[in-house]
4 protein chains.
Amino acid sequence: MRGRATVRGSDPDAGVLADRLAATRGLSEALVAPLSDADATLQSMADASPAKWHLAHVTWFFETFVLRDHAPGYQPFDAGWGYLFNSYYEAEGPRHARPARGLLSRPSLSQVLAWRAHVDAALAPLFGRPELAPLLELGIAHEQQHQELLLTDIKHALAQNPLGPAMWDAASSPPPSDAGPGAWHEHPGGIALIGADGTGFAFDNEGPRHRVLLEPFALAAQLVTNAEWEVFIADGGYSTPTLWLSDGWAWVRAEGISAPLYWRGHEHFTHAGWQRREPGAPVTHISYYEADAYAAWAGARLPTEFEWEAIASGDDLAGGNQLEVAGPVLPAGSASLFGDCWQWTRSAYLPYPRFRPVAGAVGEYNGKFMSGQFVLKGASCATPRGHSRASYRNFFYPHQRWQFTGLRLARDL
Amino acid sequence: MRGRATVRGSDPDAGVLADRLAATRGLSEALVAPLSDADATLQSMADASPAKWHLAHVTWFFETFVLRDHAPGYQPFDAGWGYLFNSYYEAEGPRHARPARGLLSRPSLSQVLAWRAHVDAALAPLFGRPELAPLLELGIAHEQQHQELLLTDIKHALAQNPLGPAMWDAASSPPPSDAGPGAWHEHPGGIALIGADGTGFAFDNEGPRHRVLLEPFALAAQLVTNAEWEVFIADGGYSTPTLWLSDGWAWVRAEGISAPLYWRGHEHFTHAGWQRREPGAPVTHISYYEADAYAAWAGARLPTEFEWEAIASGDDLAGGNQLEVAGPVLPAGSASLFGDCWQWTRSAYLPYPRFRPVAGAVGEYNGKFMSGQFVLKGASCATPRGHSRASYRNFFYPHQRWQFTGLRLARDL
Amino acid sequence: MRGRATVRGSDPDAGVLADRLAATRGLSEALVAPLSDADATLQSMADASPAKWHLAHVTWFFETFVLRDHAPGYQPFDAGWGYLFNSYYEAEGPRHARPARGLLSRPSLSQVLAWRAHVDAALAPLFGRPELAPLLELGIAHEQQHQELLLTDIKHALAQNPLGPAMWDAASSPPPSDAGPGAWHEHPGGIALIGADGTGFAFDNEGPRHRVLLEPFALAAQLVTNAEWEVFIADGGYSTPTLWLSDGWAWVRAEGISAPLYWRGHEHFTHAGWQRREPGAPVTHISYYEADAYAAWAGARLPTEFEWEAIASGDDLAGGNQLEVAGPVLPAGSASLFGDCWQWTRSAYLPYPRFRPVAGAVGEYNGKFMSGQFVLKGASCATPRGHSRASYRNFFYPHQRWQFTGLRLARDL
Amino acid sequence: MRGRATVRGSDPDAGVLADRLAATRGLSEALVAPLSDADATLQSMADASPAKWHLAHVTWFFETFVLRDHAPGYQPFDAGWGYLFNSYYEAEGPRHARPARGLLSRPSLSQVLAWRAHVDAALAPLFGRPELAPLLELGIAHEQQHQELLLTDIKHALAQNPLGPAMWDAASSPPPSDAGPGAWHEHPGGIALIGADGTGFAFDNEGPRHRVLLEPFALAAQLVTNAEWEVFIADGGYSTPTLWLSDGWAWVRAEGISAPLYWRGHEHFTHAGWQRREPGAPVTHISYYEADAYAAWAGARLPTEFEWEAIASGDDLAGGNQLEVAGPVLPAGSASLFGDCWQWTRSAYLPYPRFRPVAGAVGEYNGKFMSGQFVLKGASCATPRGHSRASYRNFFYPHQRWQFTGLRLARDL
């Protein structure tokens, strides 16, 4: 997990919180319903984790930071599992090496599901304790983050199989809403308030809220599409070094990159297997380097995280294509700031002024990841509804592209 | 698979052959009975393959080289699986990368078992065709080789799990038979006949039978034991560079080696999980480098493959601890030349005089592995009974030790 | 080289420019006077280049972008050398691989010096052409950058030799000036103007000048010293994961880091060989990760580049310990913002608002390095005098520490 | 150095020995005469060493094992140099890492030459002590081995320079003597005596002399030529996997191998720079894998080391093209068993029966290299005259090809 709850902001009614936890936990289980035990055990690269591991890790989080710390007499379901399912909490002691998560055929998927049920039952009595609400909120947000990772990780794993297995049938995607070609959101510049405003849940890295001075700029109303990306490729985008950051060009050559991840001819790999790409859908599964090169080629630039947030603060979050509790269908094709894909910004992931990591393992850390990564804003088709907000700061290394990552251009005014 | 049938030697009665095939196929399935789909999908290093992959690969071998080539009208069970389950036959075209075998959650274990049944049924009519007997014999021998690999590979995979899962209950091992301390088989030297004598099945690399001139030597009657190895360790064996081959010393330092594979305190990892080591049992899971260093420390040497075979030619194969059809229990502890563990020789794996690889994919190749490896003789507790003979040449790289490898000393007379 | 001249700002008198060029070229040659041909050929890591290569590269820069492009009829001294001494200008075509620069024993040091003299002579007539002044200014600034790299690279190379060779005798260092313990420069916050003001030479990445909003902060008046760093070590700084960025902690463990580069007992390696460290001198040769961990341990933080520049804008650059034309002595020990060592900021190296890389090879690029690196401000004891200014943005990857890198703490007010 | 003197065999007249030492030492210095200090400092891969290092290492050998151990009161020329110039003698303590030998610009070439003169002078009085003759003989043989390595290592280093520098002018090569197309040396088989016969100097790995049983065979009278190799290439030799050993095919693909080392169009790199290849000259700079693949393509095989030696035992060593004391010219082109290039055999480098490494550092070790390498017989154009004999066993890893390595076919009779 990345982040902690801010203390302010969270005091929901206990029943509502219980319902939200149940819905979140249920969605995780719905996501893995199409997976076999073997599917759920796969790890296809060190950046990714097995689906089963995600299910277990979020459960370990509740068992450790809620039940162990706050439910008197609670005994861990299995004393050996903490070592396996701690992700990176140094304060919780040594743990199983991340690249070896795919070697854990035991516990089985059904054992992990049994653990989940056990923990859910043990959590039930705690909803009446208001002081635990922020921690339970954090657990929900944490599990939502892992739902997205679960989907992108299993997609990557299944893509390695030459048989091209599908988790779901292909959904017919709604046609992308059309903001009109060349439509831009313009902003006059000035001092903007950036960061979480304290009215709802937020991770610690979204604050403190602070002032940022902006120059006049415009943000594209539409995401860059597959069709536009094909023009970039046809124009030699991947073979023109002057378009690229130096690190990006080295990456392109070392890895032999010539298209977004999961592209093959006119198809791309999806949770429904290999499917024909829709030209008007947003391009996705691109690295920061690719996004930056495209922007250079297009005579534009990427927005800063502050510009993006200034525009998005008024957005109602509606219309975007995001993960529904009702059904895990992942088509793509809308014009909203939120949904479809995360949008690379040119902002390095750094602390806001007066940011301080909090003490203790739960607060370990958004802060410790603050070097070498870039901020992404918005949300993707794999982001659970209810997990999006303008102040949200997602972050990945500039070469990573197995998330649903895309781009939205900006320019100076 | 390694090797091809020699044309001579094989003409069994069709019913006997059918029974042997059924027994061999049944043993493979018995071996995986304790494994889940996820267990059977694990690949813990590039040298190893998933259990499911072994089951499928040997089936692909029968489907391709017997059914496709000799059963008119036979259609492959699934046209996409040949790509997945070809091991290294260049003549059969491109194939799935070996280190990525562990990323195949599909087909599932049960699908592979269904394929096995389908192929078995299709093979039934072919037993009446004597010209196919050598190929079927080869298929049996090939599957037996993979049974041993399946056992050593799944052992390695399960050993990576901090939970230390067991496939079977621990068996009580019979006390090792005692050849008497310091007992040696002496040989006066002279010209020995080496290689398969044409009276039964043999791989191509076991021939041609030829003469080798031996000097007088002695071969230890007992394998080196765990207790003896502990003395070697206590005497600084792993920290004395002058005992080691140069490549071996580099390996010890680079890998931080200080004990046989699977040792932990007084325990070792087995198919029954972590168990206390028996001091009198043969040491196993050692590399060639370790075997050679031990021999140097003991003031002895490893035998050549010719010396070993000259002594073993009269051996009756009885008494050794090998894999039984009846039950896959793997204790260890006998004094026979065959069984317990493979024995490193100081002979590099090279072609016998006048050896020629045969044409075609089936004959691809013992020959192509003839550089950089060393010959092991005997058989291990994981070698199926019926798969052992004095002329058998097993071979591995000198750093490899996930097989049941041990050593038997030799000295000059 | 990194950067281009801004067009504004530069129109010095031709004679002054000629004198400055001569002084700069002469300093380069003075720096290598103690080096043998073999010394000057060494490359000890891919990040570093041979001293001879630096001498040649800056000469190639003048020969290519000034003489070839602007001196009619000029013929390259040696047609094959452009391939060897182009650094990274994609627009100038393929070039010798950077990690293989140390394999060039030819041309020899004396051949390179002869080339320098030839180019200097060919440049003489061009000082009368005012339109070339910005390009010549750029060439001077470029050569000054490489003077610093030459010194840090040869230091690294000589440090690899177990004999610990010295380039120079040890100089007696002046005692560090004392700003008083705990002295801080305080700043009330507000809108600061950041970036080059157009009154002198500047690289393109120093502009455009723009407004930045600052919160109230304080910047330490003194650099952190060796003695203070020893307290950090003694307090377990290098073994406390919670002090470190995640990437930093991975680096510490993978590389076995436990002290600044070049430390050995109470000594450190210098251009004068191994010398006793002075407790009151600024700590140097530390990575960003180390600087950040120290700041966390000290309950402070690193400044942003904007905070540093806001304080420094009024600094007179006097007092710092920097490279003199008169003599290449490199002691350390002052309290100035400029000199002694470069100071890590917490600002990622990113483009200023409205920054645009210019067209053509000369402008290739500060821009292309704008991912993954952090900004350093100030100057070091190896930075030539005249090459420092408040708007200067140096940048390196967070793990790099073979430059004279140190830190100055900041805190919120 | 590889090997030790056998005690038997060596008792030359002191004056003759002194003359031979002087000639050998002088040849080493003649070889480096065309090299600058920087040339002599280059190391282009971990397998190779700087020319200066070779000069120093052989001097360290005399200083350590002769002067230190046998000249009372002798003091090392420089106490710190033993650490630098020990190659791999574990018994002599820790030493400078091999891949870092190219980082030693100090001591300079002239300092090393001064050391050589000092040691030569100190050795003079020792020629009157017959008990030291075997050790001095060993020192001479050791230095001769390093003369060949010096030549092949500097060739490799200069080849990395895009300028293609030459050490010497190209010599006009004598036309290859013609043994007649298809000429073969036939051998009836039987028991051959193999190994050094005790009549002259030999390394320990050449004994003990022992009997080997040979089958009838034929050995080609001519080395395979450049023209023949071009036919192999044109016939798809490098792209036909079935011709290759499995390890060899993996090497071809991983390294992108498509021709012998140093080939470029119709040229090859030599000590005289890039020169046109002579079609009739022996092909050289090939790996074992390439030699084996060629033999498979040609329908032949490589000889064993025993076959080669059985034929060569009667050879008079005349006619081959080897390194002369008079002048280091390295053309290529004769038909002798000795000279032109080393010839790969299919024999792994293993101990002869009853071989035992001797105690002490001098005897460290031919034995310790006895895994993973193959034996080469003969001598090359870079092997000093007087350093060749039928029992000589050279050895390298199967992928190595920076030595002058070629092949001579064999076939069964």
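J.: How should I be thinking about the overall build of chain A in this particular structure?
T.: The helix and strand tally for chain A stands at 9 helices and 12 strands. A total accessible area of about 14,300 Å² is found for chain A, and carbon and sulfur atoms account for 56% of it.

J.: I tried to follow the relation of the copies chain B and chain D on my own but got confused; where do I start?
T.: Each of the two chain copies goes to the other by way of a rotation about an axis and a shift along it. Between chain B and chain D, which share one sequence, the superposing operator has a rotation angle of 180° and an axial displacement of 0.0 Å; the RMSD is 0.0 Å. When the rotation and shift are considered jointly, the pair of chain copies conforms to a two-fold rotation axis. If distances are taken from each C-alpha of chain B to the rotation axis, the shortest is found for B:Gly372, at 2.5 Å.

J.: What am I meant to see in the interface of chain B and chain D here?
T.: Interface size is often expressed as the accessible area that is lost when the parts come together. Each side of the interface is counted separately: chain B has 34 residues, and chain D has 34 residues. Across the chain B/chain D interface, buried area totals approximately 3,000 Å², and carbon plus sulfur atoms make up 50% of it. One can count 4 salt bridges joining chain B with chain D. Of the charged contacts in the structure, one is a salt bridge between D:Arg356 and B:Asp412, with a shortest N-O distance of 3.7 Å. If you look at where chain B meets chain D, you find 6 residue pairs in polar contact (both at pLDDT 80 or more).

J.: Looking at this structure, how should I read the pattern of salt bridges?
T.: Once the charged atoms of two side chains with opposite charge are near each other, the side chains can pair. Residues and elements named next belong to chain D. Using the criterion set out here, one finds 80 salt bridges over all chains in the structure. The residue glutamate 143 makes a salt bridge to arginine 25 at a minimum N-O spacing of 2.9 Å. Of this pair, glutamate 143 sits in helix H5 (residues 133–159) while arginine 25 sits in helix H1 (residues 14–32); the two residues are 118 residues apart in sequence, bridging distant segments of the chain. Take arginine 25: its relative accessible area is 2%, and that puts it in the buried class. With its nearest N and O atoms 3.0 Å apart, the salt bridge here joins arginine 301 to glutamate 307.

J.: So what exactly am I meant to see when it comes to the sheet that holds strand E8 (residues 342–348) of chain B here?
T.: In sheet architecture, strand pairing relies on hydrogen bonds along the backbone and comes in two forms, parallel and antiparallel. All names here are of chain B. Overall, mixed pairing links the 4 strands, which are arranged E10-E9-E8-E11 in an open sheet. Only two strands of the sheet have a single partner each, and these edge strands are strand E10 (394–396) and strand E11 (405–406). The sheet contact formed by strand E9 (residues 374–378) and E10 spans 3 bridges and is antiparallel. Each bridged residue has a counterpart across the sheet, and for valine 375 the counterpart in E10 is phenylalanine 395.

J.: Would you mind showing me how to read the sheet that holds strand E12 (residues 410–412) of chain A here?
T.: All names here are of chain A. With antiparallel pairing, 3 strands are arranged side by side in an open sheet as E1-E4-E12. For this open sheet the edge positions go to strand E1 (184–187) and E12, each flanked by a neighbour on one side alone. Across the sheet, the axes of successive neighbouring strands diverge by a mean angle of 20°, strand direction being ignored.

J.: Is there a simple way to think about the state of the cysteines in this case?
T.: Among covalent bonds in proteins, the disulfide is the one between the sulfur atoms of two cysteines. Residue and element names in this part refer to chain A. Using the criterion set out here, one finds 0 disulfides over all chains in the structure. Here cysteine 341 stays free of any disulfide, with the sulfur of cysteine 381 as its closest cysteine sulfur at 7.7 Å. With a relative accessible area of 1%, cysteine 341 lands in the buried category.

J.: Quick question: what am I supposed to make of the interface of chain A and chain B here?
T.: Facing 28 residues of chain A, the contacting portion of chain B comprises 28 residues. Interface area lost by chain A to chain B is led by A:Leu103, A:Arg106 and A:Leu163, which between them contribute 33%. Between chain A and chain B we count 2 salt bridges in total. The salt bridge involving B:Asp39 is made with A:Arg106; its shortest N-O contact spans 2.6 Å. Between the two partners, chain A and chain B, sit 6 residue pairs in polar contact (both at pLDDT 80 or more). For the side of chain A that touches chain B, the secondary-structure elements that each account for two or more residues are helix H3 (81–85) and helix H5 (133–159) of chain A. Here the side of chain A that touches chain B gets 3 residues from one element, more than from any other, and that element is H3(A).

J.: Even after reading the chapter, I still don't get the nonpolar core, so can you show me in this structure?
T.: In a soluble, globular protein the nonpolar side chains are often hidden away together inside. Counting 200 residues, the largest nonpolar core has A:Leu123, A:Trp229, A:Leu407, C:Leu123, C:Trp229 and C:Leu407 as the members making the most contacts within it. Look past the residues within four positions of A:Leu407 in its chain and what remains in contact with it is A:Leu223, A:Val224, A:Trp229, A:Val283, A:Ile286, A:Ala291, A:Tyr294 and A:Leu302.

J.: What should I look at first to understand the packing of helix H6 (residues 226–234) of chain D against helix H8 (residues 288–297) of chain D in this one?
T.: The description of two helices packed together rests on the angle between their axes and the distance between the axes. Residue and element names in this part refer to chain D. It is at 11 Å that the axes of H6 and H8 come closest, and there the two elements cross at 80°. As far as their axial angle goes, H8 and H6 are roughly perpendicular. Of the residues in H8, those in contact with Glu228, Trp229, Val231 and Phe232 of H6 are Glu290, Ala291, Ala293, Tyr294 and Trp297. Its residues assigned to classes, the contact of H6 with H8 shows 7 nonpolar, no polar and 2 charged.

J.: Please clarify how the side chain of D:Gln400 should be interpreted in this entry.
T.: Residues and elements named next belong to chain D. Tracing the backbone through its elements, the reader meets glutamine 400 in the loop between strand E10 (394–396) and strand E11 (405–406). Judged by its relative accessible area of 8%, glutamine 400 falls in the buried class. Within the structure, the side chain of glutamine 400 is placed 3.1 Å from the side chain of aspartate 47, a separation counted as a polar contact. Every residue in contact with glutamine 400, bar those within four places of it in the chain, is listed here: Asp47, Ile286, Ser287 and Trp344.

J.: How should I be thinking about the side chain of C:Glu206 in this particular structure?
T.: All names here are of chain C. With respect to the helices and strands, the residue glutamate 206 is situated in the loop between strand E2 (190–194) and strand E3 (210–214). For glutamate 206, a relative accessible area of 0% gives the class buried. A polar contact of 2.9 Å, which involves the side chain of glutamate 206, links it to the backbone nitrogen of phenylalanine 203. Here arginine 389 takes part through its side chain, which lies 2.8 Å from a polar atom of the side chain of glutamate 206. Not counting chain neighbours up to four residues away, the residues in contact with glutamate 206 comprise Gly195, Ala196, Tyr352, Arg389, Ser391, Tyr392 and Arg393.

J.: Teacher, can you tell me more about the domain arrangement of chain A here?
T.: Residue and element names in this part refer to chain A. When cut into domains, chain A gives domain 1 (14–159) and domain 2 (184–412). A separation of 26 Å is found between the C-alpha centroids of domain 1 and domain 2. If you look at the interface, domain 1 gives 29 residues, while domain 2 gives 32 residues. Between domain 1 and domain 2, the buried area comes to about 2,600 Å², and carbon and sulfur atoms account for 67% of it. Secondary-structure elements contributing two or more residues to the side of domain 1 that touches domain 2 are helix H1 (14–32) and H5. Here the element with the most residues in the side of domain 1 that touches domain 2 is H5; it accounts for 17 residues. Taken together, the residues of the side of domain 1 that touches domain 2 break down into 17 nonpolar, 5 polar and 7 charged.

J.: Which parts of the structure should I look at to understand helix H8 (residues 288–297) of chain C?
T.: In an α-helix, one turn spans 3.6 residues, which is why side chains three or four residues apart end up on the same side. Residues and elements named next belong to chain C. Burial analysis of H8 places 8 of its 10 residues in the buried class, which makes it a mostly covered element. Along H8, the residues classified as buried are Tyr288, Tyr289, Glu290, Ala291, Asp292, Ala293, Tyr294 and Ala295. Those residues of H8 hidden inside the fold are in contact with helix H6 (226–234), helix H7 (246–255), strand E8 (342–348) and strand E9 (374–377). With its phi angle positive at about 70°, glycine 299 sits one or two positions after the end of H8.

Rules used throughout
Each chain has its residues counted from 1, running along the sequence as written. Throughout, the order in which chains and ligands are written sets their labels, letters from A for the former and numbers from 1 for the latter. For this predicted model, a pLDDT threshold of at least 70 governs which residues receive local features, and a threshold of 80 or more governs which side-chain atom pairs are given and counted, while totals over whole chains, interfaces and linings are taken from all residues. For side-chain calculations, the full set of non-hydrogen atoms in the structure is used, while hydrogens and water are omitted. Under the scheme used here, helices are H or I runs from DSSP no shorter than 4 residues and strands are E runs no shorter than 2 residues, and both carry numbers assigned from the N terminus. Computed with a 1.4 Å probe, the accessible areas rest on the Shrake-Rupley method; for each residue, only the protein chains presented here act as cover. The least-squares superposition of copies is restricted to C-alpha atoms, and to residues with a pLDDT of at least 70 in both copies. By definition in these notes, contact holds between two residues if any of their heavy atoms fall within 4.5 Å. Each of two parts loses accessible area, computed with a 1.4 Å probe, when they are put together; buried area is these two losses added. In the sections that follow, a salt bridge refers to a side-chain nitrogen of Lys or Arg positioned within 4 Å of a carboxyl oxygen of Asp or Glu. In protein, a polar contact means a hydrogen-donor-capable atom and an acceptor-capable atom, both N or O and within 3.5 Å, with residues adjacent in sequence counting only if both atoms are side-chain atoms; elsewhere, any N or O pair within 3.5 Å suffices. To sort residues, take the accessible area from a 1.4 Å probe on protein chains only and compare it with the maximum for the residue type: under 20% means buried, over 50% means exposed, and anything in between is partly exposed. DSSP-based pairing: two strands are paired if at least 2 bridges between them are found. Every axis in this analysis is a line fitted to C-alpha atoms, fitted for helices over the stretch in contact. Angles between the N-to-C directions lie between 0 and 180 degrees. Only a pair of cysteine sulfur atoms within 2.5 Å qualifies as a disulfide here. By nonpolar core we mean a set of buried residues, namely Ala, Val, Leu, Ile, Met, Phe, Trp, Tyr and Cys, connected to one another through side-chain atoms within 4.5 Å. Orientation labels follow simple angle bins: below 35 degrees gives roughly parallel, above 145 gives roughly antiparallel, 65 to 115 gives roughly perpendicular, and whatever is left gives oblique. Residues are grouped as follows: Ala, Val, Leu, Ile, Met, Phe, Trp, Tyr, Cys and Pro are nonpolar; Asp, Glu, Lys and Arg are charged; every other residue, Gly included, is polar. For the domains described, the bounds stem from an automatic or database domain assignment.

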